[in-house]
Amino acid sequence: PKISPDCLLKASELVCLLFFLINFKRMQVMFSMKEALRKPMLFPAAIAALVLSFFLQELLASNFGPIPPFINFYPAIMFIALIGGIWPGILATFSIAMLSGNFDFISIFLFLFMGVSISFISALYMAYRKKTADYERELAIQNERKRSDDVLQGREAKLQSIVNSAPVGIGM
């Protein structure tokens, strides 16, 4: 069955809205478009990944016959979402869906759902990776402070033992 692109867009918008309503405040920080725009090589890399996927799709289809729709675009979406975040991943997902020429509702809906899901999970992965790096950095700082305090206490103890063992008082 054929379905209009308007209906497809509305269904995909509902899926995106569902993801964003889950925890809006945390996502607001995590999925900032400013972060994606700060990476100058992101968009050329994303375009290259999409073009490579389209050529691979055509190459596989011409050599092996019909292949499942969108099967080789999932790695491209994952790559784009991992290097750029959720917005470039979602943009790549919708770009592929619109340019594919495939208007089978079920395959498009599943592709959009999986593409947005991959982008969302990639953004969560990046956020937790950053949080882990911040935690490890803080732990290293705490360990260094503890080591410095131990060295300082050792020096103070040594100085105190010198003062205590001196036969005559030391004036400072």
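Residues numbered from 1 in each chain as written. Predicted model: local features only at pLDDT ≥ 70, side-chain atom pairs only at ≥ 80, totals over all residues. Heavy atoms only, no water.

### Focus on the packing of aromatic side chains
Moving on, step 1. Taken as a whole and judged by the stated rule, the model has five aromatic pairs.
Moving on, step 2. Ring plane angle 65° and centroid distance 4.9 Å describe the contact between F54 and F73, whose orientation is recorded as edge-to-face. Here F73 lies in helix α5 (residues 73-84) and F54 lies in helix α4 (residues 42-64), a separation of 19 residues in the sequence.
Moving on, step 3. Residue F54 is classed as partly exposed on the basis of its relative accessible area of 26%.
Moving on, step 4. A residue is classified by how much of its surface remains accessible, and F73, at 3% relative accessible area, is buried. (Phe/Tyr/Trp six-rings, centres within 6.5 Å; stacked < 30°, edge-to-face > 60°. Helix = DSSP H or I, 4+ residues; strand = E, 2+ residues; numbered from the N terminus. Buried < 20%, exposed > 50% of the residue type's maximum accessible area, 1.4 Å probe, protein only.)

### Side note on helix α6 (residues 86-99)
Moving on, step 1. The end-to-end C-alpha distance of α6 is 20 Å, a good match for the 20 Å that 14 residues give at a rise of 1.5 Å each.
Moving on, step 2. I86, P88, G89, I90, A92, T93, F94, I96 and A97 are the residues of α6 that are buried.
Moving on, step 3. A positive backbone phi angle near 80° is found at G101, which sits one or two residues after α6. (Expected span 1.5 Å × (residues − 1).)

### Regarding the pattern of salt bridges
Moving on, step 1. According to the stated counting rule, one finds four salt bridges in the structure shown.
Moving on, step 2. Residue E144 pairs with R147 through a salt bridge whose shortest N-O separation is 2.8 Å. A residue pair is termed a helical-turn pair when its members lie 3 or 4 positions apart in one helix, as E144 and R147 do in helix α7 (residues 105-165) at three residues.
Moving on, step 3. Residue classification places R147 among the partly exposed residues on the basis of a relative accessible area of 47%.
Moving on, step 4. Put simply, K130, D134 and R137 are held in one network by salt bridges that share partners. (Salt bridge = Lys/Arg side-chain N within 4 Å of Asp/Glu carboxyl O.)

### Examining unusual backbone geometry
Moving on, step 1. Phi at F70 takes a positive value of approximately 70°, unusual for a residue other than glycine.
Moving on, step 2. Summarising the element assignment, F70 is placed in the loop between α4 and α5.

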